[in-house]
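# Residue-level structural notes
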Amino acid sequence: MDFKVGALEACKPTNGVVGCPPNSSHVSTVQNTTPIGSAEATLGRHLARRLVQVGVNDVFAVPGDFNLTLLDDLIAEPGLKLVGCCNELNAGYAADGYARSRGVGACAVTFTVGGLSILNAIAGAYSENLPIICIVGGPNSNDYGTSRILHHTIGIPDFSQELRCFQPVTCYQVLVNNLEDAHEQIDTAISTALKESKPVYISISCNLSAVPHPTFKREPVPFCIAPKLSNSMGLEAAVEAAAEFLNKAVKPVMVAGPKLRVAKACNAFLELADACGYPVAVMPSAKGLMKETHPHFIGTYWGAVSTAFCAEIVESADAYIFAGPIFNDYSSVGYSLLLKKEKAIIVQPDRVVIANGPAFGCISMKDFLPALVKKLKRNTTAYENYHRIYVPQGVPLQCDPKEPLRVNILFQHIQAMLSGDSAVIAETGDSWFNCQKLKLPDGCGYEFQMQYGSIGWSVGATLGYAQAAKDKRVIACIGDGSFQVTAQDVSTMLRCQQNPIIFLINNGGYTIEVEIHDGPYNVIKNWNYTALVDAIHNGDGKCWATKVQCEEELVEAIQTATEVKKDCLCFIEIIVHKDDTSKELLEWGSRVSSANSRPPNPHSGNHQVTATATLYKGV
């Protein structure tokens with residue numbers, strides 16, 4: 001699935017470029033625009049119109065005194081809905097989930113107390129290359145440059161603390177404290193978010209939003225986001241070098257990485273897979289970006305915790321092409337992948353590196369992969385090897401009547417629920433590993449936050465994704481520890497009349513942390529989660545909650561959720577043993593623990609790990 005930005009109503013593109021009319025050569029022209037009434041010719045209404053134009057129809061917000069007038073303007077805009085969240089962190093997570101489905105998201109909070117609360121979610125979106133427009137209602141424009149001390153600050157007259165905090169986790173920041181160039185500042189920020197596929201920060205003085213100004217009296221010129229172009233000579237050279245490298249290999253393989261999404265190259269990768277005949281794997285953070293029904297798909301490549309037989313084929317290959325990888329300590333299982341740089345072609349969104357060299361810059365992945373298709377010889381050797389060694393996975397032992405439910409049985413039933421009308425949201429924790437083993441039907445969405453790994457992300461992300469993808473039923477798998485961080489916004493899902501199915505896996509603690517390093521801090525206070533959700537429901541909205549302790553109850557609960565209660569938010573609490581974890585988590589946890597606990601070295605660090613990390617940095 002490509003990462004799409006909503007088409008502009010004012011200028012529907014046929015050439016794939018946001019905001020560009022067909023055959024425009026990516027240059028927008030100023031046409032006679034419709035005059036706007038003075039009541040609508042305000043900064044806030046301009047911002048609202050721009051959000052709608054780029055595909056944002058929902059803004060996730062928490063009110064505060066500095067953004068209230070701005071929220072009035074957002075509410076007044078046709079096509080834009082304000083979704084009030086319980087706290088700023090969840091608003092940011094919701095914008096994250098929304099952007100994963102829609103291609104861009106937006107959130108609005110108040111100055112400093114709101115901004116610093118949402119900062120963690122924005123940092124996560126930055127790490128995952130998601131364009132989010134983070135809007136903050138700022139101080140009165142007259143207060144800048146004075147010695148006044150304002151509330152919601154740290155008690156000094158310098159108001160720049162929030163801005164400085166956002167600088168490392170956004171690709172562009174603007175402080176709008178005058179109207180003369182406000183339209184230009186806002187347009188530049190939004191277009192930068194779309195071009196860079198990263199969050200941006202927009203602070204708007206609280207006294208400016210509703211003030212009419214001549215610059216807002218006409219419909220704004222449509223956005224024109226010019227595509228990044230490849231160096232044609234470099235592209236040709238990169239394709240020739242890559243084709244020569246791969247065509248002389250005996251058993252090459254392909255691996256999809258998470259940056260396929262930001263490169264908008266998912267279809268191009270699929271085209272290459274169709275043509276070359278190589279076996280195709282995905283990195284864990286790229287699950288959902290490659291059709292798992294593809295005839296040469298072999299599963300998730302995740303080192304020692306890969307899909308069965310996948311790692312053996314990838315790591316024994318004499319050449320591998322990684323498209324958009326991110327190698328970190330989590331995805332590399334504590335830097336333990338058995339990869340060699342001299343065997344690798346690494347294709348990043350704008351760069352290609354072949355083995356130990358050469359490297360080609362200014363090369364778009366979206367251009368490189370289709371060009372490579374024309375040069376590669378079809379080679380099915382590695383896939384045939386996989387087919388020879390493959391043995392179907394064992395079926396979990398059947399539960400005895402009323403036997404306590406096991407996690408592997410739970411996910412066997414979740415697998416049966418999936419269709420093209422579903423989307424899976426996997427929370428940080430053991431759900432990472434169990435959900436990786438799900439076989440996704442064509443069209444089934446899949447999201448999790450691997451690079452940042454913030455527990456609690458999935459509650460807000462479920463809210464945002466469901467709000468954006470109303471044609472899919474979201475199935476969220478959340479651990480009890482994560483749920484306790486962000487549980488409140490189940491109420492917002494109910495207010496928005498959403499119908500996700502939330503599987504709350506209650507095993508009494510932070511299981512993923514237990515497998516890395518155990519201690520009493522990993523045990524949490526148990527809640528009556530179904531009673532909590534019933535209390536949040538409080539008779540307002542469509543909600544159904546139940547507690548499951550055996551397979552018979554699970555079957556009945558799933559049947560109810562998918563039939564009688566299919567239009568309700570369904571919350572199914574799953575009671576499992578505290579030590580019931582996937583075998584992959586046990587292996588992964590021990591390897592990550594080993595990487596975390598490396599002893600200090602006063603010189604160059606652990607030589608083996610340093611060398612491995614250099615390889616991953618290079619690729």
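Residues numbered from 1 in each chain as written. Predicted model: local features only at pLDDT ≥ 70, side-chain atom pairs only at ≥ 80, totals over all residues. Heavy atoms only, no water.

The name given to the protein chain in an unreviewed UniProt entry is pyruvate decarboxylase, with Papaver somniferum as the source organism. Its UniProt record gives the protein chain the following Catalytic activity (unreviewed entry) comment, quoted word for word: "a 2-oxocarboxylate + H(+) = an aldehyde + CO2". (UniProt positions renumbered as here; feature names shortened; annotations may be inferred.)

### Let's talk about the sheet that holds strand E3 (residues 105–110)
Strand order in this open sheet of six strands is E2-E1-E3-E4-E6-E5, and the pairing throughout is parallel. With one partner strand each, in any of the chains shown, strand E2 (81–84) and strand E5 (172–176) form the two edges of the open sheet. Strand-to-strand, the axes of this sheet are offset by a mean angle of 20°, without reference to chain direction. Relative to strand E6 (residues 200–205), E5 runs parallel, the two being bridged by five bridges. Note on E6: the bridge partner recorded for Gln173 is Tyr201. Most of the contacts of helix H1 (residues 43–53) go to strand E4 (residues 132–138), to which it runs at about 170°, and overall it touches strand E1 (58–61), E3, E4, E5 and E6. Along the sheet, helix H3 (residues 88–102) makes contact with E1, E3 and E4, crossing E3 at roughly 165°. (Pairing = 2+ DSSP bridges. Helix = DSSP H or I, 4+ residues; strand = E, 2+ residues; numbered from the N terminus. Axes fitted to C-alpha atoms, helices over the stretch in contact; angles between N-to-C directions. Contact = heavy atoms within 4.5 Å.)

### Some details on the pattern of salt bridges
Under the criterion given, the structure shown has 14 salt bridges. Across the pair Glu447 and Arg100 runs a salt bridge whose closest N-O atoms are separated by 2.8 Å. Pair noted here: Glu447 is in strand E15 (residues 445–448) and Arg100 is in helix H3, with a separation of 347 residues, a long-range link. Of the two residues, Glu447 and Arg100, neither departs from the other in class, the shared state being buried. For Glu240, the salt bridge is made with Lys375, and the minimal N-O distance between the two is 3.0 Å. One end of the pair, Glu240, is in helix H7 (residues 232–247); the other, Lys375, is in the loop between helix H11 (365–373) and helix H12 (381–389), and 135 residues separate them in sequence. Under the relative-accessibility criterion, Glu240 is labelled partly exposed at 37%. The structure contains a network of salt bridges with shared partners spanning Asp96, Arg100, Glu128, Arg261 and Glu447. (Salt bridge = Lys/Arg side-chain N within 4 Å of Asp/Glu carboxyl O. Buried < 20%, exposed > 50% of the residue type's maximum accessible area, 1.4 Å probe, protein only.)

### Digging into helix H21 (residues 583–596)
A rise of 1.5 Å per residue sets the reference length of H21, with its 14 residues, at 20 Å; its end C-alpha atoms lie 20 Å apart and thus fit the reference within 8%. For H21, the complete set of buried residues consists of Glu584, Leu585, Trp588, Gly589, Val592 and Ala595. Looking straight down H21, one finds its buried side chains confined to an arc of 125°; they lie on one side. (Expected span 1.5 Å × (residues − 1). Arc of directions from axis to C-beta.)

### What about the sheet that holds strand E17 (residues 501–506)?
Spatial ordering of the open sheet is given by E15-E14-E16-E17-E19-E18, a layout of six strands whose pairing is parallel. In this open sheet, the two strands that pair with only one neighbour each are E15 and strand E18 (543–548). Strand-to-strand twist across the sheet, computed as the mean angle between neighbouring axes with direction ignored, equals 15°. Taken strand by strand, helix H20 (residues 551–562) contacts strand E16 (473–479), E17, E18 and strand E19 (569–575), and its axis lies near 170° from that of E18.

### Looking at helix H6 (residues 182–196)
Taking 1.5 Å per residue as the helical rise, H6 with its 15 residues ought to reach 21 Å, and the 21 Å between its terminal C-alpha atoms agrees with that figure. Every buried residue belonging to H6 is among Ala182, Gln185, Ile186, Asp187, Ala189, Ile190, Ser191, Thr192, Ala193 and Leu194, and all of these are buried. Each element contacted by the buried residues of H6 is listed here: H1, E4, E5 and E6. Note on H6: the residue one or two positions beyond its end, Ser197, has a positive phi of about 55°.

### Some points on the packing of aromatic side chains
Here the structure, examined in full by the defined rule, presents 18 aromatic pairs. Summarising the aromatic geometry, the rings of Tyr320 and Phe322 are spaced 5.9 Å apart at their centres and angled 80° between planes, so their arrangement reads as edge-to-face. In this structure, Tyr320 and Phe322 share a single accessibility class: buried. With a centroid separation of 5.4 Å and an interplanar angle of 45°, the aromatic rings of Phe483 and Phe571 are classed as tilted. Placement of the pair is Phe483 in helix H16 (residues 480–486) and Phe571 in strand E19, with a sequence separation of 88 residues. Phe571 matches Phe483 in its accessibility class, with the two residues each being buried. The structure contains a cluster of three or more aromatic residues connected by ring pairs, namely Trp302, Tyr330, Trp432, Phe433, Tyr446 and Phe448. Above the plane of the ring of Tyr126 lies Lys198, whose end atom (NZ or CZ) is 4.0 Å from the centre. Directly above the aromatic system of Tyr446 lies the positively charged group of Lys287, at a separation of 5.4 Å from the ring centroid. (Phe/Tyr/Trp six-rings, centres within 6.5 Å; stacked < 30°, edge-to-face > 60°. Lys NZ or Arg CZ within 6 Å of the ring centre and 35° of its normal.)

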